[in-house]
Structure formats: structure tokens, C-alpha cells
Amino acid sequence: MRPNSLMSLGLAAVLSLITSAAAQQGAPHLGYAFPAGGQEGTSFEIRLGGQFLKGARAVLISGEGVEARVLRYSKPPNRGQANKIRMKLREMWRAEHAKRKKAGKSPRKRKGRPIRGYPIEELDESTWKELATLARLPDCTLQEFLAWVKTSRDPKRQPNTQLEETVTLGVTIQPKAELGRRELRLVTGRGLTNPIFFEVGTFREHTEQEPNDRTPDTSAEQLLPVVINGQILPGEVDRFAFVAKKNTRIVASVSARQLIPYLADAVPGWFQATLSVYDEAGRRLAYVDDYKFHPDPVLSFQVPADGRYILEIRDSIHRGREDFVYRLSLGEIPFVTSAWPLGARIGTKTRIRLKGWNLPKALISVTPTGDSPRIGSVASVRGTKISNSLPLALDVLDEVFESEPNNSLQEAQVVGIPIVINGRIREPEDHDYFRFEAQAKERYRFEILARRLGSPLDSLLQILDAHGTILASNDDYRDEEAGLLTHQADSHLLFQALAEGPYYLRVSDTQHKGGLEHSYRLRMTRQQPDFALRVIPSSLNVRAGTSTPITVHALRKDGFYDAIHLRLLGAPPGFRLDAPIIPAGTEKLTLTLTAPSQTGRQPFRLHLVGTADIQGKDVVRPAIPAEDMMQAFLWRHLVVSEDLWTQVQGRGRGRGQAGVRQKNKGTVGIQQGASTWISFRGPKQLPWPRIKLELVNPPEGFRIGKVEAEKNGDFRLEIRADKKIPLDLRGNLLLQAFLESPPPKNKKPQRRRRRNAIGYLPAIPFRTTRRILSF
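Some remarks on the side chain of Asp-238
Then, in step 1: Relative to the helices and strands, Asp-238 is located in strand β14 (residues 237–244).
Then, in step 2: Engagement of the side chain of Asp-238 in a polar contact is seen with the side chain of Tyr-326, the distance being 2.7 Å.
Then, in step 3: Filtering out sequence-adjacent residues up to four positions away, Asp-238 remains in contact with Glu-208, Glu-210, Asn-212, Gln-231, Ile-232, Leu-311, Glu-312, Ile-313 and Tyr-326.

Given below as C-alpha cells:
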């Protein structure tokens, strides 16, 4: 039984009580876009693959200059539906065969030979259409069936329900559209999808022409520079021919993991592409399977002679499926491999020296603007020649360059605090020493930015006293804000000086490597407690008048421990956050967003901020939208999105703000080793006891006891807590509601009656105590 069918049972109040579960179960999901980008000033079609995409009616694309419209939706029939269609067409074929035989006509022929019996699978497409007309099958049903037949016979394709539905879009990119990566979402009958990446470029685009696993695709060999769009299916290899002249520098750069950062059900967690170049005689001239510490390979190839060459792309372990999508940039394209220095001071003109291949400019000047540290980008640009971009750290602190020699305590470079030092580990076994004066009991923060800025340095940061004794050391520090970086190799130290005097910092490479590209930025400051926020998911679907869960991650810095108060900023009237306080020390909190009963149908951007008292000042930080992505069945990463889009569906019941409300507002005291009752106000005519409540990911030792219905739709809930639960534990309780199917009329016992998830109650803030309190 579906939630929207409850009206027939007189249970309309149920949807006023609890949230729609559509955003949690059966939520629309995008798995890939193909092609995953296009050239500015062109129009083309792309195919989106995913699940629960029916009813797609609009497209949301970040930035300006890109427009898209939904053209068609397709979902192949399942095996049962396909068999029914086959049987219906078989009946038509038998009737047609008997009719021809009765009329004395010869049977239909296939490739010059008569077809005997009823081999319906061997018919051509024109005959399929003829039979479908006789069977009165819609053309869309026939096309979906034919696609199913083709897929089921293709050994390269494997069934995958998460990718089987497709939506075709018509996309137009304006001539002056902003270049780079965009986010694309669909508005479907079930709400908003997750975002998926889409790129806008300047080069001509080409979509691979199959088959090209044995014989290379030659249709793009004269188009260089070009971006080739392709997919790798199971065991597949894609080959492309290109023509190049002697001594030219051909660069082949793959975007695969950049398009789909993480795959939950594939090891190592993304499409791991490899590139090879062959001459016409089949000799392999170059091979790469990555680029530095990035999974996507980049191949630089010095052409030995005029002629025709073959570029091959495949998965490193011969996997493949529809979401193994790639964009392959090929030609004498500019590509930046490193920058020096790795950052610049805000408001100051800084010269950045770039190294790479085919660069239009090697020396550029930047004057960053703004008032707070951040990560920007830098690229080599001249006219229409635009290279890839590298991250560039922007800061407000004074900056200095490392001064050699500084390879020992005696030669240590003297610096003050606060400061940013731009340095290099110039050769293997190089060590850089810096001396600073510390105040007794003062707390300091030292941080290396290298790997996050594209440097291959695997830093080791150590603090030493005047005798060379190591007081603190750090190799790798996991930065939760760098969700796309899996090779975390930057160092970070928090240090409190016990006595006044000189101290030393030593920077080196853990793997004892070095070179001019092994550059870094050493940021030295006093500790300044702070925090950053991430809110997931970045696409919210909520039914009017109900609530939906959201999770906020608090990324605490420099020992910040206190509570953070969340609030909506500029939200439409009637929206509210339930239990919006992240308790002190808590790093992740699930709360609920409640929508008003009457809202518009158009998606809108929502903004959350968090406020905390830090050293007597109110510090406000935005809650940045993100997607919680799983890598290879295990690891999780917060991948930042540009916007937090919200879609309100349906229309609430009754007047005003619908839904359940806790009677006694505020934090609920949960007593150790006892039961605590929580009272709620709710709508009338609730179908107790068919409504069942369950705790979602509760702290260990919490469970639901009894649920007692009261008059006028009110009810109360018993929460039981073990004796061993920690004292003063704080957080939110999230309750999911289910509607249980009615008992059978024949009164036969059932092992378990069917339950349908119908939503969530507003989040309940709690605190464990020795006795019941109300805060």
C-alpha cells in the first residue's frame, strides 16, 4: 500500500503527521551522463542513466549559458514484462504465418532462407514493427522491448537496475558560456536527483563510433585538438586513430574520475583508465595508468615521425559498465604540470611561474581579492588557448620564500609568527629548518599545504627543541574539506610551548624524495579555534507540511569544542529546522527540515548557516552543500556541491503548518537505566496500532518501548535507555514511521505483516542524565 492511497482508508491525517519517505526510499538517482560535456556554441543530445527517473520534466544546471530540456524517458521492461510482450508478438507472428500458409504464400525469408516455425527472435526490426501494429502495442513499448532484446544479447552489457532508466536531454551551450565543470540535476516525478558533473570546453567534440575495439575509430583523426567522449563496457577497449607530425608534443588527458568521483560498488572506487599509444606497426610507444597521485591518466607523447598513430583507452583491470564514462582531450593542447609558488597573498601582485607542455604563457601575474583564506586556481591562458587549471592557495598573511642553506639547526631560517613560507624540497634527503620564538604556554598551529595544491611532496613536519630533540611530529593529516583527495599527505601540528625560547620546525619528504616540483606552503600561526560545516544531501525532497532528515557535519579546527547553532537564511516563510543545535564536541548531527503546508512547486536554493561563540565573538559559517559518497563499499567522502536545491512536493492537509510537534519544547532528559516518556501533538484519526515507529541509527543502548495514543490525535512515546549509556551524551533522536498492513480477514497467523515506510517525525534533541530533567 502506498502512502498516497491512505485516503481510501480514511487515514489522510497520516501524511499530516509524518514526512513523505519518497526522498529516502526510491529517491531519484543519476549515475552518469553521456556525453558528459560539450563545446561552447553548440547544441547536442546527452543521455542520463539512473534509477527512479520517471516523470522527468525539467533540468537544473549550475552557472549561466547552458540550457537543457527533457526530450524522452525510457525504461526497459523487466523479464516478466518482456516475456508478456514476446508472447503477444509471437501470437501475431503465428497468426501471420498461418495466414500466409493458408493463402498459399511462401514463408518469410531471412538472409535468403525461408524462416520455418516461429523463430520470433530472428525477425528484423521492420517485421517487429508490423507485428506490434497488429498487436496494438505503442511504439514506445516496442522500442523499449527492442532495447531490452539488444541488451540481453550483448555480452558486453550486464544488468544493472541502478543505471537502466535513461532520460535524453537536448542541450544548448551559448558561445560565451563560462568554461569548466557544472552540476546537472533532474526534476522528476519523485523530486530532485543528486547532482552529476558536466563540462563545458572550447575544443571540438567527438563521440566514439562503435565498434572500435579492434579497428580504431578514424572519424576524429583529422580533428585535433578534440575532446572524445566514450564509455567502457565490460572487457571493452576503445581505440582511436590520429595523425601527427614529427616532433610535435601530443597530450592526451582523461577525465573519468573527475566526472564520477566515487563508485560505491566497484574497486578501487572509480573507473581506473589507462592510456597507450601505438604506431601503425602495432608497437607500443607510450603507456600511463595515472598522473602523479591522480587516478585519471595524462600522457605526453613526443611524435617520432610523421604518420598515423593509435590511442588506446581501457580499464586497468578490464572492467566496464555504462557509468565508466570518459572525456579524452587529445592534441597539441596546453597542459600545466606545476606552479611556483603554490599560492599568493590577497591584495598583492604575485608572479606565478608555470611549467608544462605546449603552454601559451609560462609566467603570469595574479592579484587575488577577498578577505579570507581559500583555495583558488591558476591556468595558462592566451586568446583561445586555455590550459588545465591548478589549485592556488590564497591567504591574508605575510609571505616569505625559503632561503637556502637551511639544512640543519645551525643554518635554520629565522621567521616570525604568523607567516606563510613558500618552500621546496629540492633534492632527495633535503631538510628545511625554520627557527621561531615561542611564548610559554602559548598554543601554535603549523600546517603544510602541498598535496592539496598539486605537489607530489609527502610531507613530514617535526618540532624540535634547541638540542634537536623531537617534541612533536606529523606525517599525514586527513582534511575532511578535501573530499576529492584520496592521497592525503599533508602535515598538521597543534603545539603548546612549555617554556619560552627558540624552537625549530623541520620539513622533509617522508619517502626521501625531492625535486623542484616538491614545493610546499608552510603556514605558521597561533591557534585560532574555528569550524566549517557540510550539509548532506545537496538535493532535498520534502512533502508539503512534513519533514525530511538532513545531516550536518561539523569540521572542528584548532581544538574548537563548543555548540553550534544552525538556522535557515532567507528561506521561504513557514520552513523550520527541528533540533538545530550541534552539541559541544559533536562532529555529525542529523536533524529535520519541515516545510509549510502551502508552497510553490518550483525548486529553490536553500541556505543554512551555523553560529558559535568563539572567544566571546559570534562566528558565522555557511553550511556548504555536499554529497556523502561511498568509495568501494567502505570509505566515505564529503564531495562539495555548488548549491543546496530543495523541492517541495504535493500539498499538505489542513490549515497552517501540518505535522507532529513535541509538546514540551527543548531538550529531553533521558535517564540512565530507565524509561522516559515523550509527548507529541498530532492530528486526529491516526490508525493506531497500525502505525509503527523505529529509531534510526540511535546511540547504542537506546530503544523504543510503548507507544500510547491519547485523545485528539496526541500520543506519547517511551524511550528506554540502558544503564551503561554515557552520562551527558547529547544529540538528536530520529524516528521513522511505518504503516503496517491490516490483519487478514481469515485470521490466519502471519510471520510478519508487511510494513510501508511513510516518513519521519521531527528530530528530538536529548541529553542523558541521572534523573529526568527538562532543559
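And the narrative resumes.
Some remarks on the confidence of the model for the protein
Then, in step 1: Scored by pLDDT, the protein has a mean of 87; 84% of the residues are at 70 or more.
Then, in step 2: Note that pLDDT drops below 50 for residues 1–23; the model gives that stretch 67 contacts with residues more than four away or on any other chain.
Then, in step 3: Within the model, the stretch residues 110–118 combines pLDDT values under 50 with 19 contacts to residues more than four positions away or in other chains.

Some thoughts on the pattern of salt bridges
Then, in step 1: Summed over all chains, the structure comprises 42 salt bridges.
Then, in step 2: A salt bridge links Asp-398 to Arg-345, with the nearest nitrogen and oxygen atoms 2.8 Å apart. Here Asp-398 is found in the loop between β26 (385–395) and β27 (399–401), whereas its partner Arg-345 is found in strand β22 (residues 343–345), with 53 residues between them in sequence.
Then, in step 3: By relative accessible area, which is 41% here, Asp-398 ends up partly exposed.
Then, in step 4: Between Arg-730 and Asp-728 there is a salt bridge whose closest N-O contact spans 3.3 Å.
Then, in step 5: Owing to a relative accessible area of 36%, Asp-728 belongs among the partly exposed residues under this scheme.
Then, in step 6: What emerges from the salt-bridge pattern is a single network uniting Arg-445, Glu-447, Arg-452, Asp-479, Asp-490 and Asp-558.

Notes on the nonpolar core
Then, in step 1: In this structure, Leu-275 and Tyr-326 are the most contacted members of the largest nonpolar core, which totals 35 residues.
Then, in step 2: Here the element with the most residues in this core is strand β20 (residues 325–331); it accounts for 4 residues.
Then, in step 3: Those residues in contact with Leu-275 that sit more than four places away from it in its chain are Ala-252, Val-254, Ala-286, Tyr-287, Val-288, Pro-297, Leu-299, Leu-311, Glu-312, Ile-313 and Leu-328.
Then, in step 4: Within the second largest apolar cluster, 29 residues are counted, among which are Ala-544, Ala-554, Phe-560 and Leu-566.

Some remarks on a nonpolar patch on the surface
Then, in step 1: Side chains of Val-267, Phe-633, Leu-634 and Trp-635 sit close together on the surface and give an oily, nonpolar patch of about 470 Å² of accessible area.
Then, in step 2: If you trace the backbone, Val-267 turns up in the loop between β15 (249–255) and β16 (273–279).

Considerations on the packing of aromatic side chains
Then, in step 1: Going through the model one piece at a time under the given rule, you end up with 17 aromatic pairs.
Then, in step 2: Considering the side-chain rings of Phe-436 and Phe-446, the 5.2 Å spacing of their centres and the 50° angle between planes classify their relative orientation as tilted. One end of the pair, Phe-436, is in strand β30 (residues 432–438); the other, Phe-446, is in strand β31 (residues 443–449), with 10 residues separating them in the sequence. You'll find Phe-436 and Phe-446 in the same group, each marked buried.
Then, in step 3: Each ring, one from Tyr-444 and one from Phe-446, has its centre 6.3 Å from the other, and the planes form 20°; the classification is stacked. The burial state of Tyr-444 is the same as that of Phe-446; both residues are buried.

Overview of the environment of Ser-219
Then, in step 1: As for its placement among the helices and strands, Ser-219 is situated in the loop between β12 (204–207) and β13 (226–231).
Then, in step 2: Overall, the relative accessible area of 41% leaves Ser-219 in the partly exposed class.
Then, in step 3: For the pair Ser-219 and Thr-207, spaced 12 residues apart in sequence, the C-alpha to C-alpha distance is 9.5 Å.
Then, in step 4: Apart from the residues lying within four places of it in its own chain, the contact partners of Ser-219 are His-206 and Gln-209.
Then, in step 5: A distance of 3.1 Å separates polar atoms of two side chains, one belonging to Ser-219 and the other to His-206.
Then, in step 6: Reaching out from Ser-219, the side chain makes a polar contact with the side chain of Asp-217 at a distance of 2.6 Å.

Overview of the pairing of strand β38 (residues 539–543)
Then, in step 1: Taking burial as the measure, the 5 residues of β38 include 5 buried ones, the bulk of the element.
Then, in step 2: Burial along β38 is two-sided: the residues Ser-539, Asn-541 and Arg-543 and Leu-540 and Val-542 are all buried.

Things to note about the environment of Tyr-561
Then, in step 1: Note on placement: Tyr-561 falls in the loop between β39 (547–557) and β40 (564–568).
Then, in step 2: Assessed through its relative accessible area of 54%, Tyr-561 is described here as exposed.
Then, in step 3: A sequence separation of 31 residues divides Tyr-561 from Asp-530, and the C-alpha atoms of the two residues are 9.1 Å apart.

So, the sheet that holds strand β57 (residues 755–760)
Then, in step 1: With respect to topology, 3 strands assemble into an open sheet ordered β52-β56-β57, the strand pairing being antiparallel. Across the chains shown, the open sheet's two edge strands, defined by having one partner strand only, are β52 (691–695) and β57. Taken over all neighbouring pairs, the strand axes of this sheet differ in orientation by 35° on average, direction set aside.
Then, in step 2: Alignment of β52 against strand β56 (residues 735–740), held across 5 bridges, turns out to be antiparallel. Bridge pairing links Leu-695 to Leu-735 in β56.

The rules behind each value
Residues numbered from 1 in each chain as written. Predicted model: local features only at pLDDT ≥ 70, side-chain atom pairs only at ≥ 80, totals over all residues. Heavy atoms only, no water. Helix = DSSP H or I, 4+ residues; strand = E, 2+ residues; numbered from the N terminus. Polar contact = N/O pair within 3.5 Å; in protein donor to acceptor, adjacent residues only side chain to side chain. Contact = heavy atoms within 4.5 Å. pLDDT = per-residue confidence, 0-100. Salt bridge = Lys/Arg side-chain N within 4 Å of Asp/Glu carboxyl O. Buried < 20%, exposed > 50% of the residue type's maximum accessible area, 1.4 Å probe, protein only. Core = buried A, V, L, I, M, F, W, Y, C linked by side-chain atoms within 4.5 Å. Patch = residues over 30% accessible without salt bridge, like charges linked within 9 Å, V, L, I, M, F, W, Y side chains within 5 Å. Areas by Shrake-Rupley, 256 points an atom, 1.4 Å probe, with all protein chains shown as cover. Phe/Tyr/Trp six-rings, centres within 6.5 Å; stacked < 30°, edge-to-face > 60°. Pairing = 2+ DSSP bridges. Axes fitted to C-alpha atoms, helices over the stretch in contact; angles between N-to-C directions.

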